[in-house]
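For reference, the chains in residue letters:
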Amino acid sequence: MRALFWVGLLALVATLSLFAIERGEVPPFMETQRPRARVETHATDLHLAGSGSNLVLTRALAAAFRLQDADARLVVHDSIGSTGAVRAAADGAIGVGLIARPLRDEERAHGLEVTPYARIPITFMAHPDVRDRDIAGSELVASLRGVHAQWHDGTPLVWLLRERGDAGTESVAARVTGFAEAQQEALATHRFRVLFHDDDMARGILGVRGALGISDLPAARAHMPTAPVLMLDGVAATCENVRLGRYPFYKDLAFVTRGAPGPTGRAFLAFVASEEGRALIEAGGGIAFDASGEVLPAWVSP
Amino acid sequence: MSELRGAPESLASSARGQDELVRELASRLVPTLSIFAFIVAVSAPLAYFWMGDRELRQSGAGTAEQAAEVLARDAEEEPLLWRYDSLKLVEHLRRFRASTYVERIEVTDLEGALIDDRVERPRTGLLWISAPIGDGPRRAGTVWVGIDRGPLRQRALGLLVVFSLLAILLAAFVHRIALRSAARAESRIRQLMHSLAARTADARIRALRLEAITNQEEERRAIARDLHDSVGQSITALRIHAEVLSMTLEAGDTTRAAGVAKTIAKSADGAIDEVRRSLARLRPLDLDDLGLTSAVTRLADDVRERAKLEVTSDFEGELEGLPASVETAAYRIVQEALTNVVRHAGQATRVSVRIARRGERVEIDIEDDGLGRADSARGRGIRGMSERAEMLGGSFTLKDASPRGTHVSARLLLDEAGASSGEETPSV
């Protein structure tokens, strides 16, 4: 019994030592709740920032707008994502946010105004050396699962994934059977590399042999002219096919503003909706929304 | 206390002492096995937790550094808006964290404010690992990775329970094996000790018998010498006096003849006394005449009268008809013990003699109230008492009595006396 007592006592000491091992650092937010810092940009400038899917068209529109109004001071920032755009616009850090997805429920509480301006085809991009020009939805899923991850010439197929919540990927996941589950599994198992920016995707597709990634038509034309845009199940990713409903993969771009935009903002949005602006959108690989409501995203009330 | 025992009993007692050695071994094994059990119980769980904790820290640091590296690039490109860009990265990492132990990923700015305050405040108890976003003057904030060590701790505790049980079982097993081996060894030692004791006892008895036979021969020579020197001389004198008487009667001197006849009678009485003394040396005559109890009672009476001591004698059981060797040994032991009381037990006023028969054993106890300080190594008389007891397969002890005095105890075995009755065993 005495032996049991001592063994029990020592085991208790050992148990307590499991809880006494160093706990590491203590983050400042665990000690006091600090208010989130607000970012102030120059009030005289119109700052635009948001989803990378918008940037090609927005930069082209901003450049054309500046040509019309030399005094206009527009700054188009690099990608901060749709989520960042909503938050930044709500904070007043930017004048116009650029989003490529509908507002989420919690984002609607910010009272932001959403102005859709374009629909762009989502594209499946391959490395320039890839000979394939067509890919089936089932092949997308199989390769994502790692089952048949090679091109027809035997080159290993390397998926370049986007982070969860990316509008383009979610659009594909909603329309290709099994894609969402395969993507979830690939992300959870870290089977393929995950990229967080459109320009990273462009660099990856051009630089990684056998790469396959999801992008959009404006980005493909602007940043990856040598990379093949794959047809999906025999349907090309063109604005025409999107317009006719043959190609179901697209995303809708919109501006978000906190309340009514300022003069520069109003002028810029008016320019985007103008004939010239719409022509620029069409030339850049997008479908300009008709202010009359002929083509509007389902998630925006006309 | 001073003690004399028969050799077999002494060796058997040594063998019984082996049990104490087993207990001693058991008591010494307990602390050793306790330490052994503790080491077995805690080493693996602690090592598991320590290695797991290190792995978690490395994993958390890796996640934090990777995120910080991406955000540092964003912060460099967009010093104002990087924090909004970090939201999608943090959202993604939260959902597809590198390890199931990573419970939270947070980003703070330089002021320590959370970039994403949309989520619930992290719970306490997490292990936080951080990595700076940028360095030096370009530092923009910090990535924090909160690791939950609860599952690791629970697994370590589970291991601790399992290994504790294992350690206890192992310790009990080793304890049992060691003690069983020791017990077997002791059993073997005990057998050897008994065997050795028996052989020693046999040798001792043979030596005692040889000594007894030698003593017997010496006694016979002494008796023969006495008979020759005293009884023989007395009979020679009787013969001479008888011839003188004859010649005196032939001469008709009746007066002188009467004197010679008286001289002859006196010489005859002396011869008879000499014969009686010799017979007494062979065997106490009172034993044959009176039996053991009465002979011992007479001894006690003699001592009472001679030494003015209060002597009591007490007898139990059937003491008549005992083998002669036992009767003689008992008588001689009592006789020697009483003699020692008279000679050595200073200030003794009382002595008790008790002889009892218990089955096939006769127990003899003589106790006085003298000064005590018994010394079994002292004197031939004590050694003689011990040898008499051992000759009969018994034991002899001499020790101080309580509260004072000396206690002589002898145990004589009847079956041993019977077994040796066929041999030429001295009974003097």
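So, how was this worked out
Residues numbered from 1 in each chain as written. Chains lettered and ligands numbered in written order. Predicted model: local features only at pLDDT ≥ 70, side-chain atom pairs only at ≥ 80, totals over all residues. Helix = DSSP H or I, 4+ residues; strand = E, 2+ residues; numbered from the N terminus. Buried ≥ 20, exposed ≤ 12 C-beta atoms within 10 Å, placed from the backbone. Contact = placed C-beta atoms within 7 Å. Axes fitted to C-alpha atoms, helices over the stretch in contact; angles between N-to-C directions. Parallel < 35°, antiparallel > 145°, perpendicular 65-115°, else oblique. Left-handed = near helix turned anticlockwise from the far one by under 90°. Nonpolar A, V, L, I, M, F, W, Y, C, P; charged D, E, K, R; others polar. Pairing = 2+ DSSP bridges. Core = buried A, V, L, I, M, F, W, Y, C linked by C-beta atoms within 7 Å. pLDDT = per-residue confidence, 0-100.

**Some words on the overall build of chain B**
Within chain B one finds 10 helices and eight strands. By the burial criterion, 31% of the 428 residues in chain B qualify as buried. Restricting to contacts in chain B with at least 6 residues of sequence separation, those with at least 24 account for 73%.

**Examining the overall build of chain A**
Summing up its helical and strand segments, chain A has 13 helices and 11 strands in all. Going through the 302 residues of chain A one by one, you find that 43% of them count as buried. When contacts within chain A are restricted to residue pairs at least 6 apart in sequence, long-range pairs at least 24 apart make up 75% of them.

**Let's talk about the packing of helix α3 (residues 52-68) of chain A against helix α12 (residues 263-273) of chain A**
A pair of packed helices is characterised by two quantities: the angle between their axes and the separation of those axes. Residues and elements named next belong to chain A. Orientation of α3 relative to α12, taken along the N-to-C sense of each, is 110°, at an axis distance of 10 Å. Here α3 lies roughly perpendicular to α12, going by the angle between them. Seen along the crossing, α3 lies across α12 with a hand that is right-handed. Where α3 approaches α12, its residues Leu61, Phe65 and Gln68 are matched on the opposing element by Phe268, Phe271 and Val272. Each residue belonging to the contact of α3 with α12 can be placed in one class, and the counts come to five nonpolar, one polar and no charged.

**Thoughts on the sheet that holds strand β2 (residues 127-133) of chain B**
All names here are of chain B. Spatial strand order, β1-β3-β2: three strands in an open sheet with antiparallel pairing. The open sheet has two edge strands with one neighbour each: β1 (102-109) and β2. Between one strand axis and the next, the sheet turns through 20° on average, direction left out of account. Pairing analysis gives seven bridges linking β2 to strand β3 (residues 141-147), with the strands arranged antiparallel. Bridge pairing links Trp128 to Gly146 in β3.

**As for the sheet that holds strand β6 (residues 361-368) of chain B**
Residues and elements named next belong to chain B. As summarised here, the arrangement of the five strands in space is β4-β5-β6-β8-β7, forming an open sheet in which the pairing is mixed. At either margin of the open sheet sits one strand with a lone partner, and together these are β4 (310-316) and β7 (395-400). Direction aside, the axes of adjacent strands within the sheet are offset by 10° on average. As judged from the seven bridges shared by β4 and strand β5 (residues 350-358), these two strands associate in the parallel manner. Pairing of Ser313 across the sheet is with Val353, part of β5. The sheet contacts of helix α8 (residues 324-344) involve β5, β6 and β8 (406-413), and relative to β6 the element is tilted by about 10°.

**Some details on the nonpolar core**
One finds Ala85(A), Ala88(A), Ala118(A), Leu160(A), Ala67(B), Leu71(B) and Val143(B) to be the most contacted residues of the largest nonpolar core, which totals 119 residues. Setting aside its immediate chain neighbours within four residues, Ala67(B) contacts Leu89(B), Leu93(B), Ile105(B) and Val143(B). Ranked by size, the runner-up nonpolar core spans 36 residues in total, among them Ala348(B), Ile364(B), Val408(B) and Leu413(B).

**So, the pairing of strand β10 (residues 250-258) of chain A**
Within a regular beta strand, the side chains point alternately toward one face of the sheet and then the other, so they alternate between its two faces. Residues and elements named next belong to chain A. Across the nine residues that make up β10, a large majority, eight, are buried. Bridge analysis of strand β3 (residues 96-99) against β10 gives three bridges, and the strand direction is antiparallel. Note on β10: the bridge partner recorded for Gly97 is Val256. Where strand β4 (residues 112-126) meets β10, nine bridges bridge the pair, whose relative direction is antiparallel. By the bridge assignment, Arg119 is partnered in β10 with Asp252.

**Quick look at the confidence of the model for chain B**
Residue and element names in this part refer to chain B. In this model, chain B carries a mean pLDDT of 82, and residues with pLDDT of at least 70 account for 90%. In this model residues 1-8 is a low-confidence stretch, pLDDT under 50, and it forms 28 contacts with partners more than four residues away in sequence or in other chains. Low pLDDT, under 50, characterises residues 421-428; the stretch is placed with 18 contacts to residues that sit more than four places away or in other chains. As scored by the predictor, the complex reaches a pTM of 0.57 and an ipTM of 0.79.

**Description of the environment of Glu316(B)**
Residues and elements named next belong to chain B. If you trace the backbone, Glu316 turns up in strand β4. On the neighbour-count criterion, Glu316 (11 C-beta atoms within 10 Å) is exposed. C-alpha of Glu316 to C-alpha of Ala356: the two residues are 40 residues apart in sequence and 4.4 Å apart in space. In this view, Glu316 contacts Ala356 and Arg357; residues no more than four positions away in its chain are not counted.

**Things to note about unusual backbone geometry**
In this model, Ser402(B) is joined to Pro403(B) through a cis peptide bond whose omega is 0°. Looking at where Pro403(B) falls in the secondary structure, it is placed in the loop between β7 and β8. For Asp233(A), which is not glycine, the phi dihedral falls at a positive 50°.

**What about the packing of helix α7 (residues 167-175) of chain A against helix α8 (residues 179-188) of chain A?**
Residues and elements named next belong to chain A. At a minimum axis separation of 7 Å, α7 and α8 run at an interaxial angle of 130°. Regarding the angle of α7 to α8, the classification is oblique. Two secondary-structure elements touch here, α7 through Thr169, Val172 and Ala173 and α8 through Phe179, Ala180 and Gln183. The residue inventory of the contact of α7 with α8, partitioned by class, reads four nonpolar, two polar and no charged.

**A look at the environment of Leu21(B)**
Residue and element names in this part refer to chain B. Here Leu21 shows up in helix α2 (residues 18-77). Of the residues examined, Leu21 has 13 C-beta atoms within 10 Å and is grouped as partly exposed. Distance from Leu21 to Ala183, taken between C-alpha atoms, is 9.4 Å for residues 162 residues apart in sequence.

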